[in-house]
Each structure stands twice: as structure tokens, then as C-alpha cells.
Amino acid sequence: VQLVESGGGLVQPGGSLRLSCAASGFTFSSYVMIWYRQAPGKEREWVTAITNTGGSTNYADSVKGRFTIYRDNAKNTVYLQMNSLKPEDTAVYYCKATGVLTVREYWGQGAQVTVSS
């Protein structure tokens, strides 16, 4: 089982990035996908989630209207489009898979996002 994040990097305030989380080793379409982030010195926080079919999404207030989560079950990948980035969005971003019919969950290794001028 693997979740591999990619697409992180350094971006200026107001810029955009798209994170990807590629899954393998499990039935991706049977898992809710969630993005978390952890800033330096802070606890990990929930950012957004998408149901296994992609039919429903939810966002933390801090990112609502700026971030978009979507998934492609044919490619076993979930994405996080981040627009209008702010310095306070700087964090390591993690994707997590949570089973709909099981209690299994899997974590990715994280992707660093730095928003700075």
C-alpha cells in the first residue's frame, strides 16, 4: 500500500499549486480521501475531504473558496488545487485514505508547501 504526494514547492503569496496523491495497493474507489496539513510548531489539522465517489466535499473554513479537492478514480489519484495561497498555508501536506467499508486507513509521506516572497 502506498500514498505518494507530489507537487509541493515554494510559491509566492497569491500563487497557486496543485498537489497530487497517487494511491496503489488498495481499492482506491472504496476510500474517502482527506488532506491534512501541519505547520512548524503546530498540530496537524484537517483541511478537506472527498467521498469515495467524489460526489461530496468538505473544507476547513481557513481554505474554503481557495482550495479545491477532486479525485480521478480511474487514475487512483486525489488532487488538491490551492489558489490564492497565503504565508499561513505553509505546511507539510498529507493525504490520508479512510476505508468506507473497513476501519483501515493509510497515510502519505507528506509534501512541503512554502508560501513566501
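As shown above, the structure is provided for reference.
Being a predicted model, the structure only gives us computed values, none of them experimental.

## Here we look at the overall build of the chain
Next up, step 1: Regarding its fold elements, the chain presents zero helices and eleven strands.
Next up, step 2: Counting from the amino terminus, the chain carries its helices and strands in the arrangement β-β-β-β-β-β-β-β-β-β-β.
Next up, step 3: For the chain, the spread of C-alpha atoms along the three principal axes comes to 45 × 25 × 25 Å.
Next up, step 4: Of all intrachain contacts in the chain linking residues separated by at least 6 positions in sequence, the fraction that spans at least 24 positions is 53%.
Next up, step 5: Counting only carbon and sulfur atoms, one obtains 48% of the accessible surface of the chain, whose full area is about 6000 Å².

## Some words on the packing of aromatic side chains
Next up, step 1: A full pass over the atoms with the stated rule returns six aromatic pairs.
Next up, step 2: With a centroid separation of 5.0 Å and an interplanar angle of 40°, the aromatic rings of Phe 26 and Tyr 106 are classed as tilted. On the criterion of sequence distance, the pair formed by Phe 26 in the loop between β3 (17-24) and β4 (31-38) and Tyr 106 in strand β10 (residues 105-107) is long-range, its members being 80 residues apart. With respect to class, Phe 26 is no different from Tyr 106; both count as buried.
Next up, step 3: Consider the rings of Tyr 31 and Tyr 106, whose centres lie 5.8 Å apart with planes at 35°: the pair is tilted. Taken together, the residues Tyr 31 in strand β4 and Tyr 106 in strand β10 connect sequence positions 75 residues apart. The burial state of Tyr 31 is the same as that of Tyr 106; both residues are buried.
Next up, step 4: Here the aromatic residues Phe 26, Tyr 31 and Tyr 106 are joined through ring pairs into a cluster of three or more.

## Looking at the side chain of Lys 96
Next up, step 1: Mapped onto the secondary structure, Lys 96 falls in strand β9 (residues 91-99).
Next up, step 2: At a separation of 3.4 Å, a polar atom in the side chain of Lys 96 contacts the side chain of Tyr 36.

## Notes on the environment of Gly 7
Next up, step 1: Positionally, Gly 7 belongs in the loop between β1 (2-6) and β2 (9-11).
Next up, step 2: On the accessibility criterion, Gly 7 (35% relative accessible area) is partly exposed.
Next up, step 3: Residues Gly 7 and Asn 58, spaced 51 residues apart in sequence, show a C-alpha to C-alpha distance of 22 Å.
Next up, step 4: Among all residues touching Gly 7, those that are not within four sequence positions of it are Leu 17, Arg 18 and Leu 19.

Parameters and conventions
- Along each chain, the written sequence defines residue order, and numbers are assigned to residues from 1.
- Given that the model is predicted, a residue must reach a pLDDT of at least 70 before its local features are reported, and side-chain atom pairs must reach 80 or more before they are shown or counted; all residues, however, enter totals for whole chains, interfaces and linings.
- To get the side-chain values, take all heavy atoms of the structure and skip hydrogens and water.
- Here a helix means four or more residues in a row that DSSP labels H or I, a strand means two or more in a row labelled E, and each is numbered from the N terminus.
- What makes two residues a contact is simply this: any of their non-hydrogen atoms within 4.5 Å.
- All accessible areas in this document rest on Shrake-Rupley with a 1.4 Å probe, and a residue is counted as covered only by the protein chains that are shown.
- Pairing of aromatic rings covers Phe, Tyr and the six-membered ring of Trp, with a centre-to-centre limit of 6.5 Å; geometry is then stacked below 30 degrees between planes, edge-to-face above 60, and tilted otherwise.
- For each residue, the accessible area found with a 1.4 Å probe, counting protein chains only, is set against the maximum for its type, and the residue is called buried under 20%, exposed over 50%, and partly exposed in between.
- Side-chain atoms alone can form a polar contact between residues adjacent in sequence; in general such a contact is a pair of N or O atoms within 3.5 Å, and within protein one must be able to donate a hydrogen while the other accepts it.

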